[in-house]
Amino acid sequence: MKCPVCFGGLLCEDKPHLKTAGMALEQLSDVVQRCQVLPDDSYTAEDHDIFTIAGRTCIEEGNSAQVLSIILDEKNQDIVRCMGWNLLPPLIQILLKKEDKNLPQCLAIFNHLLETCRPKELLIGLLEQLEHDDPDTIAESLHLLLNPLQKVLLCLGSRKASSLGMTLASVLDQVAKLPLPHTKEQEEDDVFSLCRCCTDLIAFVRPFILEVRQNRPNGEELSENTNKMPSGLDTDKEDELRTELLKFCMKTLSHPLLEVQLKDPDTLAVSPLRDFATEILNTLSAIGESLSSLVYQPLLKRKQVPGFLEEEVRYPKESLASLAHLVFVHHLAADTFPSVFSAVFCLRCNMEHVCLLLSRTEETRIQKGLELYEKSLVRVPDCSLPADLLEIKTFLTVPQNLVKVMTMCPRHDLRTRGLKVFQQSIDKFNTEAKYNFFQYMLTTSNHSGVEGYVIKNIKNQIDVALQPGNSNTWFEGVHLLPLLRKVLILPDGPETDLLQYLDRVMESLNLLRYLVIRDKVTENQTGIWTELYKIEDTFMKPLRVGVNMSRAHYERELLNTMEAKKSKAKEGSMLSVSVGDEKLPNMTSESQIQALHSALHTFDMIESVLVRIEELIDVRENL
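Sequence order as written defines the numbering, with residues in each chain counted from 1. For a predicted model such as this one, the threshold for reporting local features is a pLDDT of at least 70, and the threshold for listing and counting side-chain atom pairs is 80 or more; totals across whole chains, interfaces and linings nevertheless cover every residue. The basis for the side-chain values is all heavy atoms of the structure; hydrogens and waters are excluded.

Caption draft 1: Representation of the overall build of the chain in the model. Runs of E in the DSSP output that reach at least two residues are strands. Runs of H or I that reach at least four are helices, and both are numbered from the N terminus. Across its full length, the chain carries 27 helices and 6 strands. Taken over 623 residues, the chain has a buried fraction of 49%. In the chain, the proportion of contacts linking residues at least 24 apart, taken out of those at least 6 apart, comes to 73%. Accessible surface, the chain: about 30,100 Å² in total, of which carbon and sulfur atoms supply 52%. The buried label goes to any residue with under 20% of its type's maximum accessible area, the exposed label to any with over 50%, and the partly exposed label to all in between, with areas taken from a 1.4 Å probe on protein chains only. Whether two residues are in contact is decided by their heavy atoms: any pair within 4.5 Å suffices. What sets the accessible areas is the Shrake-Rupley method with a 1.4 Å probe; for residues, cover comes only from the shown protein chains.

Caption draft 2: View of the packing of helix H9 (residues 161-175) against helix H11 (residues 194-214). Running from amino to carboxyl end, H9 crosses H11 at an angle of 170°, the nearest separation of the two axes being 11 Å. Here H9 is positioned roughly antiparallel relative to H11, judged by the angle of their axes. Only Leu194, Leu201, Phe204, Val205 and Phe208 of H11 make contact with H9, whose side of the interface consists of Leu164, Thr167, Leu168, Val171, Leu172 and Val175. Amino acids outside the nonpolar list (Ala, Val, Leu, Ile, Met, Phe, Trp, Tyr, Cys, Pro) and the charged list (Asp, Glu, Lys, Arg) are all regarded as polar, and Gly is one of them. Its residues assigned to classes, the contact of H9 with H11 comprises 10 nonpolar, 1 polar and no charged. For helices, the axis comes from a line fit to the C-alpha atoms of the stretch in contact; other axes are also lines fit to C-alpha atoms, and the angle between any two N-to-C directions lies between 0 and 180 degrees. Reported orientations rely on four angle classes, namely roughly parallel under 35 degrees, roughly antiparallel over 145, roughly perpendicular from 65 to 115, and oblique for the rest.

Caption draft 3: Quick look at unusual backbone geometry. The omega angle of the peptide bond from His255 to Pro256 is 15°, so this bond is cis rather than trans. Inspection of the secondary structure puts Pro256 in the loop between helix H12 (236-254) and helix H13 (272-286). You will see that His331, though not glycine, has its phi angle at about 60°, which is positive. Mapped onto the elements of the fold, His331 is located in the loop between helix H17 (317-328) and helix H18 (343-358).

Caption draft 4: Here's a closer look at the nonpolar core. Buried Ala, Val, Leu, Ile, Met, Phe, Trp, Tyr and Cys residues form a nonpolar core when they are joined through side-chain atoms within 4.5 Å. One finds Phe204, Leu281, Ile462, Leu509 and Leu543 to be the most contacted residues of the largest nonpolar core, which totals 187 residues. The contact partners of Ile462, leaving out residues within four places of it in the chain, are Phe475, Leu480, Leu484, Leu511, Tyr514, Leu515 and Thr526.

Caption draft 5: Representation of the packing of aromatic side chains in the model. The criterion for an aromatic pair is that two Phe, Tyr or Trp rings (for Trp, the six-membered ring) have centres within 6.5 Å, with stacked assigned to planes under 30 degrees apart, edge-to-face to planes over 60 apart and tilted to the rest. Throughout the structure, instances matching the rule amount to 12 aromatic pairs. Residues Tyr296 and Phe345 carry aromatic rings whose centres are separated by 5.2 Å and whose planes lie at 65° to one another, so their mutual orientation is edge-to-face. Here Tyr296, found in the loop between helix H14 (291-295) and helix H15 (297-300), pairs with Phe345, found in helix H18; they are 49 residues apart in sequence, far enough to count as distant. Relative to Tyr453, the ring of Phe422 has its centre 6.1 Å away and its plane inclined at 50°; by these criteria the two rings are tilted. In this pair, Phe422 sits in helix H21 (residues 412-428) while Tyr453 sits in helix H23 (residues 448-465), placing the two residues 31 residues apart along the sequence. Taking the relative accessible area as the measure of exposure, Tyr453 reaches 22% and is therefore partly exposed. Among the aromatic residues, those joined into a ring-pair cluster are Phe422, Phe429, Tyr435, Phe437, Phe438, Tyr453, Trp474 and Phe475. Lysine and arginine charges are scored as sitting over a ring when NZ or CZ, respectively, is within 6 Å of the ring centre and within 35 degrees of the ring normal. The ring of Tyr514 has Lys459 sitting right over it, with the charged end atom 5.2 Å from the ring centre.

Caption draft 6: Structural detail: the side chain of Ser292. Along the polypeptide, Ser292 turns up in helix H14. Here Ser292 falls in the buried class, since its relative accessible area comes to 11%. N or O atoms within 3.5 Å of each other form a polar contact, as long as, within protein, one can give a hydrogen and the other can take it, and as long as residues adjacent in sequence are counted only when both atoms are side-chain atoms. There is a polar contact of 3.1 Å between the side chain of Ser292 and the side chain of Ser290. Setting aside chain neighbours within four positions, we find Ser292 in contact with Phe337, Pro338 and Phe341.

Caption draft 7: H11, seen in detail. Helix length check: H11, at 21 residues, gives a terminal C-alpha distance of 30 Å against a target of 30 Å (1.5 Å per residue), a fit within 8%. At every residue, the bend is computed as the angle between two fitted axes, covering the seven residues ending there and the seven beginning there respectively. Largest kink in H11: about 40°, centred on Arg206, with the proline Pro207 one to four residues after it. Taken as a whole, H11 has its buried residues at Leu194, Cys195, Cys197, Cys198, Asp200, Leu201, Ile202, Phe204, Val205, Phe208, Ile209 and Val212. In a helix, the anticipated span is given by 1.5 Å times the number of residues less one.

Caption draft 8: A look at the pattern of salt bridges. Definition used for salt bridges: Asp or Glu carboxyl oxygen within 4 Å of a side-chain nitrogen of Lys or Arg. Summed over the entire model, instances satisfying the criterion amount to 29 salt bridges. Put simply, Asp73 and Lys75 hold a salt bridge, and the shortest N to O gap is 3.4 Å. Overall, the relative accessible area of 55% leaves Lys75 in the exposed class. Of the charged contacts in the structure, one is a salt bridge between Arg485 and Glu531, with a shortest N-O distance of 2.6 Å. A residue pair is termed long-range when its members are at least 10 positions apart, and Arg485 in helix H24 (residues 477-487) and Glu531 in helix H26 (residues 528-567) qualify at 46 residues. For Arg485, a relative accessible area of 41% corresponds to the partly exposed category. A residue is classified by how much of its surface remains accessible, and Glu531, at 5% relative accessible area, is buried.

Caption draft 9: View of H9. Across its 15 residues, H9 extends 21 Å between first and last C-alpha, which sits within 8% of the 21 Å expected from 1.5 Å per residue. Burial of H9 is extensive: 11 of the 15 residues sit out of reach of the surface. Every buried residue belonging to H9 is among Ala161, Ser163, Leu164, Gly165, Thr167, Leu168, Ser170, Val171, Leu172, Gln174 and Val175, and all of these are buried.

Caption draft 10: Inspection of the environment of Thr183 at higher detail. Mapped onto the elements of the fold, Thr183 is located in the loop between H9 and helix H10 (184-189). Overall, the relative accessible area of 33% leaves Thr183 in the partly exposed class. Within the structure, the side chain of Thr183 is placed 3.1 Å from the backbone nitrogen of Gln186, a separation counted as a polar contact.

Caption draft 11: Layout of the environment of Cys349. Relative to the assigned elements, Cys349 resides in helix H18. What makes Cys349 buried here is its relative accessible area of 0%. Separated by 54 residues in sequence, Cys349 and Val295 have C-alpha atoms that sit 7.4 Å apart.

Caption draft 12: Seen up close, the confidence of the model for the chain. Summing up the model confidence of the chain, the mean pLDDT is 88 and the portion of residues at 70 or higher is 87%. A low-confidence stretch, residues 1-19 stays under pLDDT 50, and its non-local contacts, those more than four residues away or across chains, total 26 contacts. Overall, residues 223-234 carries pLDDT values under 50, and its contacts beyond four positions in sequence, including any with other chains, amount to 27 contacts. pLDDT gives the predictor's per-residue confidence on a scale running from 0 to 100.

Caption draft 13: Representation of the environment of Pro148. Looking at the element boundaries, Pro148 is found in helix H8 (residues 135-154). Taking the relative accessible area as the measure of exposure, Pro148 reaches 6% and is therefore buried. Separated by 22 residues in sequence, Pro148 and Leu126 have C-alpha atoms that sit 8.2 Å apart. Sequence-distant contacts of Pro148, that is, excluding residues within four places in its chain, are made with Phe110, Leu114 and Leu126.

Have a look at this one:
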């Protein structure tokens, strides 16, 4: 039966079948002897195929010593130079296993091939052997092959840039398959071998970084206008090499550095991943990239000119966000940053990065977005950010992203942290900015809990404004009334779903009660007393009607449920109850009754606060 497997471009049926190791050795000796008398450009396709199949079979069958003798023979060096790279697959498999009795001979063959074969063919052969799916094999393969790959690339001289780029892309694709360490212990023990791979990777690129640095006299940084080295200081080949290293840095900033949570020195004194991140930042500086310009790129970027899309590819936004996080959260390379930049300028730049990270769904990106935003806000004094910052898109987009984090993120700790940073951001605005921000959030958040939280902040700002000596034009008098009109209103009038809007309704009532108690009729600092007749029409009366309607509906549902339970429901059976047009989830009758009682209690609570406000109004107006 003919073998359907292809090898070296020819079908196996067209090649000699090598049934034993002895036959393979004989075939290998024959083809080598025949080729010894030929110039290397005269070797036929059949010569290549026989050498490859016979040589590989000999190595696989344990005849490595005989292959080594043939490979080292001075008369055979032209043959080895031309065909030897085809022997790499079985050699590398044995070297990866480390247990074969022929390991020393295979290592000697491998090293001789690296010294003798043509670099481009070696590069292809080595890269083919990098491709694996098993994490353990990936790590061992990278550890074995990165140093040989480095030697091969260095042999290419000025022609190495594209080959280096291809190699780095292949290596990083393999690194991306490795699991990430999440705990201190996993990183310490390097259970997934990612740390070793990162360390090997830095050693691999070091000579290429040195080459680029040596071609930058006086450590010149890139010209901001051209994104190239200063005129006349490097050749196109050197710039290509620098570009490939830049791509490498940008890709590692995205993965693994944006994916892993680096440990602080207090948590993990020796952190290979933190060292890797530091080396990447050092590499950027070494190849002429200004770290501060990269971090502040959102504000410093050039106007749109021909080729500007290429800049988006050259400096991916996600990589720049990762870089900003490393600098501002972990303080890596912070000593290289100019101290002249103000805290507000840094915040403005980082808002672009924060906006990007918080717009993602991956929890690692959300966490890093929150950390970067928090660190960017820390240096900004409270009540200092002016209202005109809200004209910048990111200062409105980031809060919307925060709302999604606070309300939709599966992780409780990130939701809690999101709320903390949201409040921190509010505290940094001056009074006018707070006023405008609250109006914007009430209009756009579309979430009762968030609206309730904003209303609570409005109440706090009014309280500050009413303190002696703290008067301001935004949270009292004429300016306050339009804001109150946005707060003291039911979204859908009397038909508003009071359970869905409970947070907003209760905070609105608490604010109204506070205003009635705190602001005297004779002083009317907030304007509440002149606005009260409108508030009664647009908020209090519709709310009372809504409470009565909701209570009547739920009381009827409660009665129906209790009667159904008595008449036909068996113990533990499931009931289906509709509230409005929606069915409540199937649950036991006891649970249904408990839920309906809870809703009725909520309506009683709303009504009690409403009644108290009406009593306070009567008392105040009759003083």
